[in-house]
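Single-letter residue listing:
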Amino acid sequence: MKTYYDYREFNFVHVWRFDLCSLRLHFERVLVLDYVEHAMVLPTYRGLQPCRMKIAENAAEVRGILDELPDDLPGIAQMRAFTELSEQNFLDLMNQVSIRFPEHFQRLCDQVAGFLEINILFRKKA
């Protein structure tokens, strides 16, 4: 964080691997800046707030691992079924939900989302 202490050198600063609370604490108390707003971001489906669900890059390998596990594990059948879904079918489904049922898409994302970035805006105190 040392490079960010003298923020006057920068118009914008990109900080990695912090959560919202620690960023606000640092920038408000240490750097004496005013919080303005924030947004949780990822690549989007049709411009709506996204979630971090994805199909395994090597579904066959994942299915092989799952097939080695006992059939009585909770959720194993559903996980095996999920690996049968192609990445394109998954993307098509998520895009269709985001277009046709945006309120459901948002609720779904709220339940399963794992956000990767926080865009946060601060301003110098007057």
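Residue numbering note: each chain is counted from 1, following its sequence as written. A pLDDT threshold of at least 70 governs which residues receive local features in this predicted model, and a stricter bar of 80 or more applies before side-chain atom pairs are shown or counted, although totals over entire chains, interfaces and linings include all residues. Excluding hydrogens and water, the side-chain figures rest on all heavy atoms present in the structure.

Time to look at the environment of Met 94. In this text, helices come from DSSP runs of H or I with a minimum length of four residues, and strands from runs of E with a minimum of two, each type numbered from the N-terminal end. Secondary-structure assignment places Met 94 in helix H5 (residues 87–100). Taking relative accessible area as the criterion, Met 94 reaches 2% and is therefore assigned buried. In sequence terms Met 94 and Phe 105 are 11 residues apart; their C-alpha atoms lie 7.8 Å from each other. We call a residue buried when its accessible area falls under 20% of the maximum for its residue type, exposed when it is over 50%, and partly exposed in between, using a 1.4 Å probe and counting protein chains only.

On to the packing of helix H3 (residues 59–67) against helix H4 (residues 76–84), then. Taken N-terminus to C-terminus, the directions of H3 and H4 make an angle of 160 degrees; their axes are 9 Å apart at the nearest point. The pairing of H3 with H4 is recorded here as roughly antiparallel in orientation. As H3 packs across H4, the resulting crossing turns out to be left-handed. Seen from H3, the contacting residues are Ala 59, Val 62, Arg 63, Leu 66 and Asp 67; seen from H4, they are Ile 76, Met 79, Arg 80, Thr 83 and Glu 84. Amino acids are sorted into nonpolar (Ala, Val, Leu, Ile, Met, Phe, Trp, Tyr, Cys and Pro), charged (Asp, Glu, Lys and Arg) and polar (every other residue, Gly among them). Classifying every residue of the contact of H3 with H4 gives 5 nonpolar, 1 polar and 4 charged. Interaxial angle, 0 to 180 degrees, is taken between N-to-C directions of lines fitted to C-alpha atoms, where a helix line uses only the stretch in contact. With respect to orientation, any angle under 35 degrees is reported as roughly parallel, any angle over 145 as roughly antiparallel, any angle of 65 to 115 as roughly perpendicular, and every other angle as oblique. By definition, any crossing whose near helix is turned counterclockwise from its far helix by less than a right angle is left-handed, and any crossing with a clockwise turn is right-handed. Throughout, a contact is declared for two residues whenever any of their heavy atoms are within 4.5 Å.

A separate point is the packing of aromatic side chains. Aromatic rings in a pair are described by how distant their centres are and how their planes are angled relative to each other. Any two of the Phe, Tyr and Trp rings considered here, Trp counted by its six-membered ring, make a pair once their centres fall within 6.5 Å; the pair's planes then place it as stacked at under 30 degrees, edge-to-face at over 60, or tilted in between. Considering all chains together, one arrives at 2 aromatic pairs under this definition. Centroid distance Phe 27 to Phe 122: 5.0 Å. Interplanar angle 20 degrees. Geometry classified as stacked. Remark: Phe 122 occurs in strand E2 (residues 117–124) and Phe 27 occurs in helix H2 (residues 20–30); sequence separation between them is 95 residues. Residue Phe 27 is classed as buried on the basis of its relative accessible area, which comes to 9%. Judged by centre distance (6.1 Å) and plane angle (75 degrees), the ring pair of Tyr 35 and Phe 122 falls under edge-to-face. Of this pair, Tyr 35 sits in strand E1 (residues 33–41) while Phe 122 sits in strand E2, and the two are 87 residues apart along the sequence. Whether a charge sits over a ring comes down to the Lys NZ or Arg CZ being within 6 Å of the ring centre and within 35 degrees of the ring normal. Lying across the ring of Tyr 35, Arg 24 places its NZ or CZ 3.6 Å from the centre.

Right, let's talk about the nonpolar core for a bit. What makes a nonpolar core is a set of buried Ala, Val, Leu, Ile, Met, Phe, Trp, Tyr and Cys residues whose side-chain atoms join them at distances within 4.5 Å. Leu 23, Phe 27, Leu 31, Leu 33, Ile 118 and Phe 122 form the largest nonpolar core, which has 6 residues in total. Secondary structure elements with two or more residues in this core: H2 and E2. Every residue in contact with Ile 118, bar those within four places of it in the chain, is listed here: Phe 18, Asp 19, Leu 20, Leu 23, His 38, Ala 39 and Met 40. Formed by 5 residues, the second largest nonpolar core is a distinct cluster that contains Phe 90, Met 94, Phe 105 and Cys 109.

In this section: the confidence of the model for the chain. Looking at the chain as a whole, its pLDDT mean stands at 75, while 67% of the residues score no less than 70. Averaged pLDDT values over the elements of the chain bottom out at 56 in helix H1 (residues 2–5) and peak at 86 in H4. The pLDDT value expresses, per residue, how confident the predictor is, ranging between 0 and 100.

A few words on a nonpolar patch on the surface. Residues forming no salt bridge and having over 30% relative accessible area are the ones grouped into patches, like charges within 9 Å of each other and nonpolar side chains (Val, Leu, Ile, Met, Phe, Trp, Tyr) within 5 Å. Per-residue accessibility takes into account occlusion by the displayed protein chains alone, with areas from the Shrake-Rupley method and a 1.4 Å probe. Any carboxyl oxygen of Asp or Glu that lies within 4 Å of a side-chain nitrogen of Lys or Arg is treated as forming a salt bridge with it. On the surface, a nonpolar cluster with roughly 230 Å² of combined accessible area is contributed by Ile 65, Leu 69 and Leu 73. Mapped onto the elements, Leu 69 comes out in the loop between H3 and H4.

This brings us to unusual backbone geometry. Of note in this structure, Val 32 is not a glycine but carries a positive phi near 55 degrees. Tracing the backbone shows Val 32 in the loop between H2 and E1.

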